[in-house]
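Listed here are the chains, written in short residue letters.
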2 protein chains.
Amino acid sequence: MKIVQIGAAGHAFYAYNGIKAHNIDFSGISAGSAGIEAEGISQALERLKKLGFSPKLYDDWREMLDAEKPDIAIVDCWFNEHGKIALWALEHGINVFVDKPIATDFETLDAISECGKAQLGAMFDARCNPAFKAAKKAIEQGRIGEVRMMDSRKSYKLGKRPEFYRSRETYCGIIPWVAIHAIDWMAWLSGEKYTDVSAILSRRENGGNGDMDIAAAAQFTMTNDVIATVTADMYRPASAKTHGDDRVRVVGTRGIIEVMSGKATLISDEAGGLIELPDEPAGDIFEDFLDNLAGKSNHLTKESAVSSTYWALRADRQALSRLG
Amino acid sequence: MKIVQIGAAGHAFYAYNGIKAHNIDFSGISAGSAGIEAEGISQALERLKKLGFSPKLYDDWREMLDAEKPDIAIVDCWFNEHGKIALWALEHGINVFVDKPIATDFETLDAISECGKAQLGAMFDARCNPAFKAAKKAIEQGRIGEVRMMDSRKSYKLGKRPEFYRSRETYCGIIPWVAIHAIDWMAWLSGEKYTDVSAILSRRENGGNGDMDIAAAAQFTMTNDVIATVTADMYRPASAKTHGDDRVRVVGTRGIIEVMSGKATLISDEAGGLIELPDEPAGDIFEDFLDNLAGKSNHLTKESAVSSTYWALRADRQALSRLG
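Being a predicted model, the structure only gives us computed values, none of them experimental.

## Concerning the packing of aromatic side chains
Residue and element names in this part refer to chain B. Summed over the entire model, instances satisfying the criterion amount to 40 aromatic pairs over all chains. A ring pair is formed by Phe 79 and Phe 164, whose centres lie 5.0 Å apart and whose planes are at 80 degrees; its orientation type is edge-to-face. Placement of the pair is Phe 79 in the loop between strand 4 (72–75) and helix 4 (82–91) and Phe 164 in the loop between strand 7 (147–155) and helix 7 (174–190), with a sequence separation of 85 residues. Its relative accessible area of 3% is what places Phe 164 among the buried residues.

## Quick notes on the packing of helix 5 (residues 106–114) of chain B against helix 9 (residues 302–323) of chain B
Residues and elements named next belong to chain B. The contact between helix 5 and helix 9 brings their axes to 10 Å, and the two run at 170 degrees. With respect to helix 9, the element helix 5 is oriented roughly antiparallel. Here helix 5 runs over helix 9; the crossing is left-handed. Taken together, the residues of helix 9 that come into contact with helix 5 (itself represented by Phe 106, Leu 109, Ile 112 and Ser 113) are Lys 302, Val 306, Thr 309, Tyr 310, Leu 313, Arg 314 and Arg 317. The class makeup of the residues in the contact of helix 5 with helix 9 is 6 nonpolar, 2 polar and 3 charged.

## A look at the pairing of strand 2 (residues 25–30) of chain A
Residue and element names in this part refer to chain A. Burial analysis of strand 2 places 5 of its 6 residues in the buried class, which makes it a mostly covered element. Two elements, strand 1 (residues 2–6) and strand 2, share 5 bridges in a ladder whose sense is parallel. What sits directly across from Ile 3, in strand 2, is Phe 26. A crossover connection joins strand 1 to the parallel strand 2 through helix 1 (residues 16–21); in handedness this β-α-β unit is right-handed. With 3 bridges joining them, strand 2 and strand 3 (residues 56–58) adopt parallel strand pairing. Among the inter-strand pairings, Ile 29 is bridged to a residue of strand 3, identified as Leu 57. In terms of handedness, the path from strand 2 via helix 2 (residues 41–50) over to strand 3 forms a crossover that is right-handed.

## Some details on the sheet that holds strand 10 (residues 227–233) of chain B
Residues and elements named next belong to chain B. With mixed pairing, 8 strands are arranged side by side in an open sheet as 8-9-10-7-11-12-13-14. Since the sheet does not close on itself, it has two edges, and those belong to strand 8 (194–202) and strand 14 (273–277), each with one partner. Direction aside, neighbouring strands of the sheet carry axes that sit 15 degrees apart on average. As paired elements, strand 11 (residues 247–252) and strand 12 (residues 256–260) share 4 bridges and run antiparallel to each other. In the sheet register, Val 248 faces strand 12, and the bridge partner there is Val 259. The sheet contacts of helix 6 (residues 130–140) involve strand 7, strand 11, strand 12, strand 13 (263–268) and strand 14, and relative to strand 12 the element is tilted by about 170 degrees.

## Overview of the pattern of salt bridges
Close approach of charged atoms allows side chains with opposite charge to pair. The final tally for this structure, using the stated rule, is 54 salt bridges over all chains. Residue Arg314(A) pairs with Asp196(A) through a salt bridge whose shortest N-O separation is 3.6 Å. In this pair, Arg314(A) sits in helix 9 (residues 302–323) while Asp196(A) sits in strand 8 (residues 194–202), placing the two residues 118 residues apart along the sequence. Close ionic contact of Glu276(B) with Lys263(B) constitutes a salt bridge, the shortest N to O distance being 3.8 Å. Taken as a pair, Glu276(B) in strand 14 and Lys263(B) in strand 13 lie far apart in primary sequence, 13 residues in all.

## Some remarks on the environment of Ser304(A)
All names here are of chain A. The topology assignment puts Ser 304 in helix 9. On the accessibility criterion, Ser 304 (18% relative accessible area) is buried. Taking C-alpha positions, Ser 304 is 8.4 Å from Ala 187, a pair spaced 117 residues apart along the chain. When residues no more than four places from it in sequence are discounted, the contact partners of Ser 304 are Arg 127, Asp 184 and His 299. At 3.0 Å, the side chain of Ser 304 forms a polar contact with the backbone oxygen of Thr 301.

## Quick look at helix 2 (residues 41–50) of chain B
Residues and elements named next belong to chain B. Inspection of helix 2 places Ile 41, Ala 44 and Leu 48 among the buried residues, and these make up the whole buried set. End-on view of helix 2: buried residues confined to an arc of 60 degrees, all on one side of the axis. In helix 2, the exposed residues that point more than 90 degrees away from the buried face are Gln 43, Glu 46, Lys 49 and Lys 50. Here the buried face of helix 2 lies against strand 1 (2–6), helix 1 (16–21), strand 2 (25–30) and strand 3 (56–58).

## Here's the deal with the interface of chain A and chain B
Counting residues at the interface gives 49 residues for chain A, matched by 49 residues for chain B. Across the interface of chain A and chain B, roughly 3800 Å² is buried in total on both sides, 54% from carbon and sulfur atoms. Three residues stand out in chain A for area buried against chain B, namely Arg204(A), Gln219(A) and Tyr235(A), and they jointly supply 16% of the buried area on that side. In this structure, the connection of chain A to chain B is made through 12 salt bridges.

## Topic: the domain arrangement of chain A
Residues and elements named next belong to chain A. We note that the domain assignment places domain 1 (2–122) and domain 2 (125–283) within chain A. The gap between the C-alpha centroids of domain 1 and domain 2 is 26 Å. With 11 residues of domain 1 in contact, the opposing surface of domain 2 contributes 12 residues. The largest contributions to the domain 1 side of the interface with domain 2 come from Trp 78, Phe 79 and Lys 100, which together make up 55% of the buried area. Linking domain 1 with domain 2 are 0 salt bridges.

What counts, and where the lines are drawn
Residues numbered from 1 in each chain as written. Chains lettered and ligands numbered in written order. Predicted model: local features only at pLDDT ≥ 70, side-chain atom pairs only at ≥ 80, totals over all residues. Heavy atoms only, no water. Phe/Tyr/Trp six-rings, centres within 6.5 Å; stacked < 30°, edge-to-face > 60°. Helix = DSSP H or I, 4+ residues; strand = E, 2+ residues; numbered from the N terminus. Buried < 20%, exposed > 50% of the residue type's maximum accessible area, 1.4 Å probe, protein only. Axes fitted to C-alpha atoms, helices over the stretch in contact; angles between N-to-C directions. Parallel < 35°, antiparallel > 145°, perpendicular 65-115°, else oblique. Left-handed = near helix turned anticlockwise from the far one by under 90°. Contact = heavy atoms within 4.5 Å. Nonpolar A, V, L, I, M, F, W, Y, C, P; charged D, E, K, R; others polar. Pairing = 2+ DSSP bridges. Right-handed = clockwise from strand over helix to strand, strands pointing away. Salt bridge = Lys/Arg side-chain N within 4 Å of Asp/Glu carboxyl O. Polar contact = N/O pair within 3.5 Å; in protein donor to acceptor, adjacent residues only side chain to side chain. Arc of directions from axis to C-beta. Buried area = accessible area lost by both parts, 1.4 Å probe. Domains from an automatic or database assignment.

Right, here's the structure in full:
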């Protein structure tokens, strides 16, 4: 198998352990339209060198895909280019491992959804987290009965964001970039599908980052009358112990699961009150993608990536429409 | 001072310590329209006897108010009668200490808002909670900078609910009865005012309680672009250590406060990371009401009770409209 990387603006490195473990040929790297420096390619090359990879550096991603004809393209450019590049690769029969959101407009998302020439997996890494996996397992075991409501939190440190976060032309917004994780994990954890959304965002006090959203909330209805909510913000103080404060609570008819500070807990009468759920083994999101390609798993499907992106975009557009 | 009680369906007992401490004459008690048994008057009389009170039992609340001419009427009947009885008392110059919501329709709420003949305070007891007071103090001290987002949780044990919860005719719904606490405390904590709301509720899997809502979410915009959200449910397992799981997180530009399990914490760079905020002394919501009547405080105002009720009703109606 042969793999290439386009851009290094997000989480392309999620694939590196798997590439090494499977001796996949890491044959090329390029930027998207923004260029080598803007997309972090230099730092990525240093990291890749340390890992023993020596991909050929291309000026143009299309040229690279034509020349290398890889089995997989990692797509990790500026966020508003994910869709265009992913679609081009898919249409040329190249499987795509792409950072979220997989597209930032509905037209491209539809085209990705409809293209049957190759597979796509998105970097929803919470699905591999030991505590989230423990929650998923307990839900599947029926330990909370029927899921009725979920609420999620994504709170990040702002730090110094790259320039492209400052503009909607290049940055997709906090809902498709941050809240989308929770949108994905709530569908994954519950097995339900979204049916409607209402959302709010704010750009005020965003640390001088142009028109970047810095806080948002979204509230969804799901199949079977399930309620799902998420808040996302970039106000987590620099002195906090972790970059992110990822949380989810899943309220069921017979128990409540909560993931917080990297641990899952369950309250239920069967459990006799509050207990900690043992961690599941950490997964690897790229391995899940490879399993999907090999037909060994239907976990990290294109359908789920399309759906999570669709509802993130719906929420974003709904929130934007309030801003006028 | 003389006080009477109408109904004992909710939290009238919040007033009992204050009545005793101030030697207020507890002269009468009656039910609202639902009657002695349905409104828990018998149990209330037993409790009052133990406390050394011996109010005269009246068959009719209007007759009692006419005969006793009290300074204060505690209104704690079936929830959908709060507004009618509170308004009657106010219009007769009697101050009202009423359980939330203070009304369940906009017309009565408007009339209460406009009546200038007496004062009203509502039983928003979180304002007296040591951890919530610690959060309020830290916000006022500027320790989190400017408030940008808040999210709240109200999760209760279902237990065996009285019959009147089964019908919208007699029970106002989970948003005006439960989520309203968070609606009130988020306005109180932030000092902001609500400007819009979107909400969802579900009645599915409600333990056989007729058309009682059992889960809800509401999402508000506030002045200064502040985002505020709340979820409310009655799925907390019986084996949980406390009846309720009250939480609030207040995200500011320079820090984040979280109240959880009866403790307030702060994360901020000034604090050097995560610290626990010391409890403030517990308050007494009835004492706050007395202070307001005496002109010594403007904490528990009619205006705030009207506003919290208004936004709870707005949220409820918005959620109901989705049910079709």
